[in-house]
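Residue-level listing of the chains:
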Amino acid sequence: MPIKLNELTLHESIDLLKKEPGKREKLLNDLFNEIDDRESDVQAYLELAEPEELREESKRLENLPLKGIPGTVKDNIQTLGFKTTCGSSFLQDYDSVYDATVIKSLKEAGSPVLGKANMDEFAMGSSTENSFFQTTKNPHDLSRVPGGSSGGSAAAVAADEAIYALGSDTGGSVRHPAGFCGVVGLKPTYGLVSRYGLTAFASSLDQIGPITKDVYDTALLLNFLATYDEMDSTSAAEGRKDYTEGIDRGIEGLKVGFPKEYFGEELDPRIQEKAKKWRGTFQDLGAEVREISLPHTEYAIATYYIIASSEASANLARFDGVRYTSRANTKSIEELFSKSRDEGFGPEVKRRILLGTYALSAGYYDEYYGKAQKVRRLIKQDFDRAFEDIDLIAAPTSPTPAFKIGEKMDDPLKMYLSDIFIVTVNLAGIPAMSVPAGQVDGLPIGMQIMGSSLSEKKILRAGHSFERTFED
Ligand code: GLN
């Protein structure tokens, strides 16, 4: 057992506090000390709980299942007592007005909030460099990005500045930084976790997901996160389930498909090589490994960026300088809208709004948005067909390890292409989890396990077995 309690996983902390409730103080102190030590380098947080207040709240929750152990929350999720800036200058003074359903559920389960984590502005990006406030660094190499857009959440967990965190995944933003930072990240089935209180980016794709130090923690958190919510019209949870139940059962006899389209030339050859060991691990576990095909994968990036930008252009129309915070100083109402938006949004957000507005405009709708919707369907059908024959799909989370800060900032297309393996599951609405799967030159590599709709238990079981068996 480590001496620094902030290094524990959530389930280890719970076990410890069951035996020695007095250690709760030390756990909180160790977290704040680690943050003091590392935060000036890592810059994962935008806001932290006031230590005394957190101690009191944690004490109040100590008899609940999560024992008063706090979690860290991406700054696009409404959290009372904190701001919700979405990493944007527009919302830099915006105080949360209620608790998102996920925050409410976690508090009811006994977990208060330690702080709000940095992110790409409005969750648009793959590196957390698009934050208005700061660039979070990868704790494994401070000259590199932590991935995005939930880079603050993943970096905080990887640096032991958090026990666990929440992120949001519209096109990979939980899995991408989890992979780059060497932690676990789950994008649940669309609708399984309530979006109420998550600032909308692309509503047909957005899902909140946990980022944790091991797979068991993700299962444990899902027990509280996956609840039916009448405040979310797309809520698909059927009541509570125990996602930890049976997680130890192994995966003997399961069929795991490796899609050939995810192992093409864009994949770093060192990850290509690593994947041989992934296959070997699944075989050692008694699973059957097969090569499969997801033929429409090559259209995923174009499809995702048309759909996500279109929905974003509509969702972000609410930031007009009248509602919410930032307001430009102008005389006419029209100028108020345009100047507030010009001053409030950063370049990537503007790019998406322009792209989305264009794709939705009269005369172009069928050519772009309509067509993207059709291809989305084909991508979903690829998965549906694959899951007729196999149980799970395994593939790299990203084509490369974490890249250097600044490396892709001048070339948006290059940045978008780093999402090539992760946007497909959002388009299909299915779940996927990134688990640590070795290192290349000291940098973590993530492997995704994808499953059919609502197959989280199977994914968790496979991830848990893989995590225990895989040797780099
Ligand atoms: N890189 C994706 C994008 O920029 C990630 C979005 C997300 O999952 N929040 O759109």
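Above: the structure in question.
The notes below deal with the structure included here.

Quick notes on the rules
Residues numbered from 1 in each chain as written. Predicted model: local features only at pLDDT ≥ 70, side-chain atom pairs only at ≥ 80, totals over all residues. Heavy atoms only, no water. Near = heavy atom within 4 Å. Polar contact = N/O pair within 3.5 Å; in protein donor to acceptor, adjacent residues only side chain to side chain. Areas by Shrake-Rupley, 256 points an atom, 1.4 Å probe, with all protein chains shown as cover. 1 Å grid on protein atoms, 1.4 Å probe; cavity = no way out; pocket = protein on both sides within 12 Å on 5 of 7 lines; lining within 4 Å. Sits in = over half its atoms within 2 Å of the grid points. Points joined across faces, edges and corners; volume = space filled by probe spheres on them. Nonpolar A, V, L, I, M, F, W, Y, C, P; charged D, E, K, R; others polar. Helix = DSSP H or I, 4+ residues; strand = E, 2+ residues; numbered from the N terminus. Pairing = 2+ DSSP bridges. Axes fitted to C-alpha atoms, helices over the stretch in contact; angles between N-to-C directions. Salt bridge = Lys/Arg side-chain N within 4 Å of Asp/Glu carboxyl O. Buried < 20%, exposed > 50% of the residue type's maximum accessible area, 1.4 Å probe, protein only. Contact = heavy atoms within 4.5 Å.

### Some details on the site of the ligand
Line of reasoning, step 1. Of all residues adjacent to the ligand, which total 15 residues, the nearest are Gly171, Ser173, Tyr304, Arg352 and Asp419.
Line of reasoning, step 2. A distance of 2.9 Å separates a nitrogen atom of the ligand from a polar side-chain atom of Ser126.
Line of reasoning, step 3. In isolation the ligand offers 300 Å² of accessible surface; the protein chains occlude 100% of this area.
Line of reasoning, step 4. A majority-of-atoms criterion places the ligand in the largest cavity.

### A closer look at empty space enclosed by the protein
Line of reasoning, step 1. Considering all chains together, one arrives at three cavities of 30 Å³ or more under this definition.
Line of reasoning, step 2. Roughly 70 Å³ of volume is contained in the largest cavity.
Line of reasoning, step 3. What lines the largest cavity is a set of 16 residues, and nearest its centre among them are Gly125, Gly171, Ser173, Tyr304 and Asp419.
Line of reasoning, step 4. Its residues placed into classes, the lining of the largest cavity shows six nonpolar, eight polar and two charged.
Line of reasoning, step 5. Of the pockets and cavities examined, the second largest cavity occupies roughly 50 Å³.
Line of reasoning, step 6. The wall of the second largest cavity is formed by His176, Gly179, Phe180, Ile271, Thr397, Ser398, Thr400, Pro401, Pro444, Ile445 and Gly446.
Line of reasoning, step 7. At the level of elements, helix H6 (175–181) and strand E11 (443–451) are the ones that each hand at least two residues to the lining of the second largest cavity.
Line of reasoning, step 8. Per-class residue counts for the lining of the second largest cavity are five nonpolar, six polar and no charged.

### Some thoughts on the sheet that holds strand E1 (residues 45–48)
Line of reasoning, step 1. The strand order E1-E3-E2-E4-E6-E5-E10-E11-E9-E7-E8 describes an open sheet built from eleven strands, whose pairing is mixed. Looking at the sheet topology across the chains shown, the edges are occupied by E1 and strand E8 (288–292). When strand polarity is set aside, the average angle formed by the axes of neighbouring strands in this sheet is 30 degrees.
Line of reasoning, step 2. Where E1 lies against strand E3 (residues 113–117), three bridges are found, and the strand directions are antiparallel. Residue pairing for E3: Tyr45 is matched across the bridge by Ala117.

### A short note on the pattern of salt bridges
Line of reasoning, step 1. This model, assessed by the stated rule, comprises 30 salt bridges.
Line of reasoning, step 2. In this structure, Lys4 and Glu34 form a salt bridge, with 2.9 Å as the shortest nitrogen-oxygen distance. Of the two residues, Lys4 is situated in the segment before helix H1 (10–19) and Glu34 in helix H2 (residues 24–42); the sequence distance between them amounts to 30 residues.
Line of reasoning, step 3. For Lys4, a relative accessible area of 36% corresponds to the partly exposed category.
Line of reasoning, step 4. Residue Arg55 is joined to Glu52 by a salt bridge in which the shortest nitrogen-to-oxygen separation is 3.0 Å. With Arg55 and Glu52 both in helix H3 (residues 51–60) and three residues apart, the pair spans about one turn of that helix.
Line of reasoning, step 5. The buried category is assigned to Arg55, whose relative accessible area is 17%.
Line of reasoning, step 6. Each of Lys4, Glu7 and Glu34 takes part in a single network of salt bridges with overlapping partners.

### A look at the side chain of Thr101
Line of reasoning, step 1. Among the structural elements, Thr101 can be located in helix H4 (residues 101–108).
Line of reasoning, step 2. With a relative accessible area of 13%, Thr101 lands in the buried category.
Line of reasoning, step 3. Other than its neighbours up to four places away in sequence, Thr101 contacts Ser194, Tyr196 and Asp229.

Everything listed is a geometric property; what it means functionally is a separate question.
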